[in-house]
Amino acid sequence: KCVGRATLTIEVEVMFFSTSVEISCERKFAGSGGDPSFAQVMEPYMLNGDTVRHAVRMDGDYSGWPDGGVLTSANDAARWEEGLQSARIVPAAAQREMTTPTMLSTGRSSAYGLGWNIDKVRGRAIHYHGGSMPGFLAYYYRAPEQGVGVVALTNLGAGSAEIILRRTVQEVAEQVAPGSTPL
């Protein structure tokens with residue numbers, strides 16, 4: 001039997017006013033005893049004004065193209081980051097190439113490597129990439145010199161959710177390795 005539980009608390013502070021909202025949910029899967037499919041676990045949702053509605057289902061071929069997204073779980077994303085840090089999955093030389101800024105035809109640097117936005121915070125490299133499709137958002141932030149990688153995945157897609165997701169990822173990274181983010 002598979003059971004998933006999640007709780008999200010959002011705190012808002014504006015001058016002398018503060019409030020928080022907590023949302024909790026639980027999902028139980030029954031049946032053959034095997035793991036649920038990705039589609040069963042990750043129902044896509046969109047925020048429409050103040051109403052949460054089901055989003056359009058993703059096409060089964062979505063991740064079958066080179067410029068498509070990556071379908072992953074939190075556990076797999078953690079294993080991927082661990083593999084990057086240890087250079088077991090992608091050799092160090094290939095990682096350097098992935099995180100080297102692409103040169104434009106004008107001769108200027110683009111601040112984008114092979115799949116990573118590239119920047120520096122306090123003189124140290126950071127790599128990040130976000131993505132979305134109807135009903136899903138993801139944000140991946142790395143500060144490799146500090147050994148930090150944070151990935152957040154959500155099945156709620158909306159404009160403000162992207163800002164909250166990016167900020168949450170950076171807050172977590174900052175707690176783990178102070179000075180590793182622009183915060």
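Residues numbered from 1 in each chain as written. Predicted model: local features only at pLDDT ≥ 70, side-chain atom pairs only at ≥ 80, totals over all residues. Heavy atoms only, no water.

The next subject is the packing of aromatic side chains. One pass over the structure, following the stated rule, counts 2 aromatic pairs. Centroid distance Trp116 to Tyr140: 4.9 Å. Interplanar angle 70°. Geometry classified as edge-to-face. With Trp116 in the loop between helix H3 (92-98) and strand S5 (117-121) and Tyr140 in strand S7 (residues 136-143), the pair connects residues that are 24 residues apart, well separated along the chain. Like Tyr140, Trp116 is buried. Between the aromatic rings of Tyr128 and Tyr139, the centroid separation amounts to 6.3 Å while the plane-to-plane angle is 35°, which identifies the pairing as tilted. (Phe/Tyr/Trp six-rings, centres within 6.5 Å; stacked < 30°, edge-to-face > 60°. Helix = DSSP H or I, 4+ residues; strand = E, 2+ residues; numbered from the N terminus. Buried < 20%, exposed > 50% of the residue type's maximum accessible area, 1.4 Å probe, protein only.)

Overall, the prediction assigns the protein a mean pLDDT of 79, with 77% of residues at 70 or greater. Here helix H1 (residues 38-41) is the element of the protein with the lowest mean pLDDT, 59, and S5 is the one with the highest, 93. (pLDDT = per-residue confidence, 0-100.)

This part takes up the nonpolar core. Counting residues in each nonpolar core, the largest one holds 14 residues, and the members touching the most others are Tyr141, Val148 and Val169. Elements supplying a minimum of two residues to this core: S7, strand S8 (148-154) and helix H4 (159-176). Once residues within four sequence positions are removed from consideration, Val169 is found in contact with Tyr139, Tyr141, Val150 and Ala152. (Core = buried A, V, L, I, M, F, W, Y, C linked by side-chain atoms within 4.5 Å. Contact = heavy atoms within 4.5 Å.)

With that out of the way, let us pick up the environment of Met103. Inspection of the secondary structure puts Met103 in the loop between H3 and S5. In the structure, Met103 is positioned 10 residues away from Gly113 in sequence and 9.2 Å away in space, judged by C-alpha atoms. Residues contacting Met103, with those up to four places away along its chain left out, are Arg108 and Ser109.

Let us now look at the pairing of S8. The pairing of S7 with S8 spans 7 bridges and is antiparallel. In the strand pairing of S8, Arg142 is matched with Gly149. In this structure, the hairpin formed by S7 and S8 is closed by a connection of 4 residues, where Gly147 is found at a positive phi of approximately 70°. (Pairing = 2+ DSSP bridges.)

Taken as a whole and assessed by the stated rule, the structure comprises 4 salt bridges. Between Arg79 and Asp76 there is a salt bridge whose closest N-O contact spans 2.2 Å. Of this pair, Arg79 and Asp76 both sit in helix H2 (residues 74-86), separated by 3 residues, roughly a single helical turn. Classification of Asp76 as partly exposed rests on a relative accessible area of 37%. With its nearest N and O atoms 2.7 Å apart, the salt bridge here joins Glu81 to Arg142. One end of the pair, Glu81, is in helix H2; the other, Arg142, is in strand S7, and 61 residues separate them in sequence. The same class applies to Glu81 as to Arg142, namely buried. (Salt bridge = Lys/Arg side-chain N within 4 Å of Asp/Glu carboxyl O.)

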